[in-house]
Protein chains: 2
Amino acid sequence: MTDQQPIPAAGAEPALLDRLARALPPAALLTGDAIGPRYQEDRRDRFSAAPRFVLRPETTAEVAAALSACNDFGQPLVVQGGRTGLSGGHRIIAGEAVLSLERLTSLGAVSPESATITAQAGVPLQLVQEAASRAGLMFGVDIGARGSATIGGNIATNAGGIRVMRYGMFRAQVAGLEAVLADGTVLNTMKEVEKDNAGPDLGQLFIGSEGILGVVTCARLRLHPAPAIMANAFLALPSTDAALVLLQRLRSALGGMLSAFEIMLPEAYHGVCRFLRMTPPLATEAPVYVLAEIQAGPLAPQAEDMFAATLMAAVEAGDVLDAIVSQSSREFQVLWDMRDGCAEFVRTLDHIASGDISVPVARIPAFLRESQAALREIDPDTAFLAFGHMGDGNLHYVFCTPQKAEAMDRLLRMVTAYGGSISAEHGIGVDKKSWLHLSRSPAEIATLRALKAALDPHGILNPGRIFDPL
Amino acid sequence: MTDQQPIPAAGAEPALLDRLARALPPAALLTGDAIGPRYQEDRRDRFSAAPRFVLRPETTAEVAAALSACNDFGQPLVVQGGRTGLSGGHRIIAGEAVLSLERLTSLGAVSPESATITAQAGVPLQLVQEAASRAGLMFGVDIGARGSATIGGNIATNAGGIRVMRYGMFRAQVAGLEAVLADGTVLNTMKEVEKDNAGPDLGQLFIGSEGILGVVTCARLRLHPAPAIMANAFLALPSTDAALVLLQRLRSALGGMLSAFEIMLPEAYHGVCRFLRMTPPLATEAPVYVLAEIQAGPLAPQAEDMFAATLMAAVEAGDVLDAIVSQSSREFQVLWDMRDGCAEFVRTLDHIASGDISVPVARIPAFLRESQAALREIDPDTAFLAFGHMGDGNLHYVFCTPQKAEAMDRLLRMVTAYGGSISAEHGIGVDKKSWLHLSRSPAEIATLRALKAALDPHGILNPGRIFDPL
């Protein structure tokens, strides 16, 4: 985005702009200088072309009218939410117009009876979390970009984050949704009932499909009881094998109360503490650090004691070198702020590459050993700063080397050999297209193309995301 | 099935039979007298035509070969699992061949690390439950037909059952699946990792789509920790309003530990006790009965006391007239056997009709009052024997009247007016097609048709289920 200035709506069909201007209120259509640079923003500062024009509908009917017009003219669109995506799906490809959902910001009241809330696509995740909290409930998904990332984008990428082991991914939070197809058809699966098997649930199509099949405009989201008890601990461990043993200990002792199990390699840990100018919570040097969290209901008051006792047993067994259990909500938050800061910290480094990979949890120790050896073969000075969600097998595998492309390719092939996924929670977007075949078979890709052709025959929705048009 | 004898494979293309005979082992293809009457069986004894021939593949490759051949010849197929469906999706329409998954019976070992098990489509649900149990885990879905209903059919209908409020429907249990498209293309989304967002999860397409988009051949299923505590109670209540209050009391006190909340109207309760020749657990006459269950982990030992105390408080407040809490695993099982027996009992009655409906939980009392008044307008002697899953809004709305068709139509229109679903967990199949428009919009039906055309262009898979071919 940095080296690119918005340009007038060059190339846009005048007849299309006329139709859009007639169909939409003035605030819903930006052209020329009115556009400004923000639609070209990208967290990783990669190039994003100037848009032909920008659509900013305020209602589902306006989304439908905008899509219908663009469909008739074959005008390709990139759908934008909070532009926090990490695979480039929101970046503008030359010739595209932007469909921004930033003005779809209606957030309904929490329904205490059904424990749900209805949010339009442009509502930031954090507002949903806060509304749930005010109603004495909680929302199950949390990610670092909560303040900017929107519900629409979260659904389009099936966002995961730190508490998947307790609450599942975004799909598990969606009780129903509204989506608009390329031709303006509006589908609405938001019923107040939990069970509705009168034919397939078409809403599932749009979860995790990165906007290529339709535009999610609204969703009915499930909420959970707020935990009566939350506690976390930061731990220094002698090895990733020990981390695996600790995970199994905590799972056995606490079952579903174990809500997060995050790992950090030492360079990530020390780096983020420097970056945040905070005193490291543990001074002990170790090859791996873990942030573990539990959540429990009011009928399990001894959960916290069990958590502490399990950690103590792990220290005595030598699986944990040093541990600090948070003693206040402030200390609890400081540990999570440190974890949250990792993503921003690593973006300050040179030659950074980041694989959002998953491998079977039990194979993480072997995978880390073998992949680090393989990447050091390419560049012996490669720095490793992985952090992420070990509890569900998902690592943000950050490394620094000038030989990024070769190293990433080697890494992702190894992920596949380990039975993992080359994109656990960030999607494919534009940046990972060339590796899609490592996680999806030719039959799957052909089937996805058939669905795309059936629902978006002119290929106007997020073209070139996930796969290139034929 | 009763009045129908199998006939030879009349009408089947000889060239197709030749190709199938070459592609498949002899046991995988039945024709003529070898077929026998079983493929025409139906729980509700409705007519099922004789099949042209029967395919009984033993492997996914055989399923693919069979489908590819039938696709090339345009031979329509009905996919059969345990034939326990209650919407007629498995009944044979004249001209169809049967694709039975009865020989896909491989059941993998439980993986304790990932808490999953892999089962082929023809495995009965009960075998999965038992395998989980032997490994110290549990499977989240239970239904009365567990002994015959198969995993493939459970997935195809997104089965729900008695513990949806704690574990969700079948969709929530599926970590990945294998499905074969009409042309023989095999899709496999079974990875050992929990998080895989490298493009959409195509497996979701086949959950709840009743076999019209592809044939599910195998699935990787999630398992849960076995509860350390299980308890249930049977309760007589003064009204359905009181049942709603009780549900809210139990939810507040026990949260997610409340695992079932089943309702029975008095004619269902007394009838099933007579049918099973058992002493009714409560002698108190009441307009509504509830079977409630809790499940808790080892860290919530006081869950049982809280359950009993909450029921006691409800008795004192007048929301419960009489209560019996099971005191042994035998008593626990007797209560569930009574509940399980309801479906079989009501099938013995004359003029029975059954709506598998859901309405928002909070509106159930009003819905029952209003719908009973409406059906009595049609026939003042209508008998009401509803039972089912009040906790998630799903009632098996059983009633007896000679004016079934008119009454059912009135009932389902009222369900829609209440914001409910005309099929909560039994699917649409053949029997509910004429009411599909009450729960699905023209846009949804058109979209579903587009998906069907994209994935099964010759319309060979379960044609005429959910909707009629155009």
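In the nomenclature of an unreviewed UniProt entry, chain A is known as FAD-binding protein of Frigidibacter albus. What UniProt states about chain A under its Cofactor (unreviewed entry) heading is, verbatim, "FAD". For the record of chain A, the UniProt heading Sequence similarities (unreviewed entry) holds the text "Belongs to the FAD-binding oxidoreductase/transferase type 4 family."

1. Focus: the interface of chain A and chain B
Counting residues at the interface gives 69 residues for chain A, matched by 69 residues for chain B. For the pair chain A and chain B, the two sides together bury roughly 5,300 Å², of which 61% comes from carbon and sulfur. The largest share of the area that chain A buries against chain B comes from K195, N197 and L299 of chain A, three residues that together contribute 18% of it. If you look at where chain A meets chain B, you find 6 salt bridges. The shortest N-O distance in the salt bridge between K195 of chain A and D392 of chain B comes to 3.2 Å. At the boundary of chain A with chain B, the tally comes to 29 residue pairs in polar contact (both at pLDDT 80 or more). The set of elements that each furnish at least two residues to the side of chain A that touches chain B consists of β8 (186–188), α7 (240–254), α9 (303–316), α13 (436–439) and α14 (442–455) of chain A. Among the elements that make up the side of chain A that touches chain B, the one with the highest residue count is α14 of chain A (8 residues). Across the side of chain A that touches chain B, the residue classes break down as 32 nonpolar, 24 polar and 13 charged.

2. Looking at empty space enclosed by the protein
Across all of its chains, the model carries 5 cavities of 30 Å³ or more by this definition. Taken as a whole, the largest cavity encloses approximately 150 Å³ of empty space. For the largest cavity, the lining is made up of 18 residues, of which D201, Q204 and L205 of chain A together with Q204 and L205 of chain B are closest to its centre. Within the lining of the largest cavity, the residues separate by chemical class into 13 nonpolar, 2 polar and 3 charged.

3. Concerning the packing of α7 of chain A against α9 of chain A
Residues and elements named next belong to chain A. The N-to-C vectors of α7 and α9 enclose an angle of 150°; their axes lie 10 Å apart at closest approach. When the interaxial angle is binned, α7 and α9 end up roughly antiparallel. Every pair of crossing elements has a handedness; the one defined by α7 and α9 is right-handed. For the pair formed by α7 and α9, the contact residues are L246, R249, L250, A253 and L254 on the first element and A303, M306, F307, T310, L311, A313 and A314 on the second. Here the contact of α7 with α9 is built from residues that sort into 10 nonpolar, 1 polar and 1 charged.

4. Thoughts on the side chain of S439 of chain A
Relative to the assigned elements, S439 of chain A resides in helix α13. On the accessibility criterion, S439 of chain A (5% relative accessible area) is buried. A polar contact of 3.0 Å, which involves the side chain of S439 of chain A, links it to the backbone nitrogen of I422 of chain A. Each residue touching S439 of chain A, except ones within four places of it in the same chain, is listed here: G420, S421, I422 and E444 of chain A together with K191 and A198 of chain B.

5. A short note on the packing of aromatic side chains
All names here are of chain A. Tallied over the entire structure, the rule returns 18 aromatic pairs over all chains. Judged by centre distance (5.9 Å) and plane angle (75°), the ring pair of F367 and Y397 falls under edge-to-face. On the criterion of sequence distance, the pair formed by F367 in helix α11 (residues 364–378) and Y397 in strand β18 (residues 394–400) is long-range, its members being 30 residues apart. For Y397, a relative accessible area of 1% puts it in the buried group. Here the aromatic rings of F367 and Y418 are separated by 5.2 Å at their centres, their planes lie at 80°, and the arrangement is edge-to-face. Taken together, the residues span a long stretch of sequence, with F367 in helix α11 and Y418 in the loop between α12 (404–417) and α13 at a distance of 51 residues. Accessibility assignment for this pair places F367 and Y418 in one class, buried. In this structure an aromatic cluster arises from ring pairing among F367, F384, Y397, F399 and Y418. The ring of Y39 has R38 sitting right over it, with the charged end atom 5.3 Å from the ring centre.

6. Some words on the UniProt feature "domain: FAD-binding PCMH-type" (unreviewed entry) in chain A
Here, UniProt's "domain: FAD-binding PCMH-type" (unreviewed entry) annotation points to residues 46–226 of chain A. For residues 46–226 of chain A, helix accounts for 21% and strand for 20%, while the C-alpha atoms at its two ends are 39 Å apart.

7. Points about the nonpolar core
Formed by 197 residues in total, the largest nonpolar core has its most connected members in F170 and L221 of chain A together with F170 and L221 of chain B. Not counting chain neighbours up to four residues away, the residues in contact with F170 of chain B comprise L125, F139, V141, I151, N154, I155, N158, A159 and L221 of chain B.

8. A short note on the relation of the copies chain A and chain B
For these two chains of identical sequence, chain A goes onto chain B by a turn of 180° and a shift of 0.0 Å along the axis, with RMSD 0.0 Å. As the rotation angle and translation indicate, the two copies are arranged about a two-fold axis. Measuring from the rotation axis to each C-alpha of chain A, the shortest distance belongs to A300 of chain A, at 2.4 Å. Here 100% of the contact residues of chain A are again contact residues in chain B; the copies associate through an equivalent surface.

9. Quick word on the side chain of E62 of chain A
If you trace the backbone, E62 of chain A turns up in helix α2 (residues 60–73). Salt bridges are absent for the buried E62 of chain A, whose nearest opposite-charge side chain, R103 of chain A, sits at 4.7 Å.

10. Re the environment of C218 of chain B
All names here are of chain B. Within the secondary structure, C218 sits in strand β9 (residues 215–222). Sequence separation of C218 and N188 is 30 residues, and the distance between their C-alpha atoms is 8.8 Å. Excluding residues within four positions of it along the chain, C218 makes contact with T118, A119, Q120, A121, L177, E178 and M190.

11. Quick look at helix α10 (residues 329–346) of chain A
All names here are of chain A. End to end, α10 covers 27 Å across 18 residues, agreeing with the expected 26 Å (1.5 Å per residue, within 8%). By the largest-angle criterion, D340 marks the main kink of α10, which is about 30°. Within the sequence span of α10, burial applies to F332, L335, W336, M338, R339, G341, C342, F345 and V346.

12. Here we look at the pattern of salt bridges
Working definition: two side chains of opposite charge can pair if their charged atoms are close together. Residues and elements named next belong to chain A. Counted according to the given criterion, the structure contains 44 salt bridges over all chains. With a closest N to O distance of 2.6 Å, R38 and E102 form a salt bridge. Of this pair, R38 sits in the loop between β1 (29–30) and β2 (54–55) while E102 sits in the loop between β4 (97–100) and β5 (116–120); the two residues are 64 residues apart in sequence, bridging distant segments of the chain.

13. Side note on the sheet that holds strand β7 (residues 174–180) of chain A
Strand pairs in the sheet, formed through backbone hydrogen bonds, run parallel or antiparallel to each other. Residue and element names in this part refer to chain A. Read across the open sheet, the 4 strands follow the order β5-β9-β7-β8; overall the sheet is antiparallel. The open sheet is flanked by β5 and β8, the only strands paired with a single partner. Here the average twist between neighbouring strands, direction ignored, is 15°. The pairing of β7 with β8 spans 3 bridges and is classified as antiparallel. When the bridges of β8 are listed, A179 appears paired with L187.

Conventions and cut-offs
- Residues numbered from 1 in each chain as written.
- Chains lettered and ligands numbered in written order.
- Predicted model: local features only at pLDDT ≥ 70, side-chain atom pairs only at ≥ 80, totals over all residues.
- Heavy atoms only, no water.
- UniProt positions renumbered as here; feature names shortened; annotations may be inferred.
- Contact = heavy atoms within 4.5 Å.
- Buried area = accessible area lost by both parts, 1.4 Å probe.
- Salt bridge = Lys/Arg side-chain N within 4 Å of Asp/Glu carboxyl O.
- Polar contact = N/O pair within 3.5 Å; in protein donor to acceptor, adjacent residues only side chain to side chain.
- Helix = DSSP H or I, 4+ residues; strand = E, 2+ residues; numbered from the N terminus.
- Nonpolar A, V, L, I, M, F, W, Y, C, P; charged D, E, K, R; others polar.
- 1 Å grid on protein atoms, 1.4 Å probe; cavity = no way out; pocket = protein on both sides within 12 Å on 5 of 7 lines; lining within 4 Å.
- Points joined across faces, edges and corners; volume = space filled by probe spheres on them.
- Axes fitted to C-alpha atoms, helices over the stretch in contact; angles between N-to-C directions.
- Parallel < 35°, antiparallel > 145°, perpendicular 65-115°, else oblique.
- Left-handed = near helix turned anticlockwise from the far one by under 90°.
- Buried < 20%, exposed > 50% of the residue type's maximum accessible area, 1.4 Å probe, protein only.
- Phe/Tyr/Trp six-rings, centres within 6.5 Å; stacked < 30°, edge-to-face > 60°.
- Lys NZ or Arg CZ within 6 Å of the ring centre and 35° of its normal.
- Core = buried A, V, L, I, M, F, W, Y, C linked by side-chain atoms within 4.5 Å.
- Least-squares fit on C-alpha atoms with pLDDT ≥ 70 in both.
- Lys, Arg positive; Asp, Glu negative; His and termini not counted.
- Expected span 1.5 Å × (residues − 1).
- Bend = angle between axes of the 7 residues up to and from the residue.
- Pairing = 2+ DSSP bridges.

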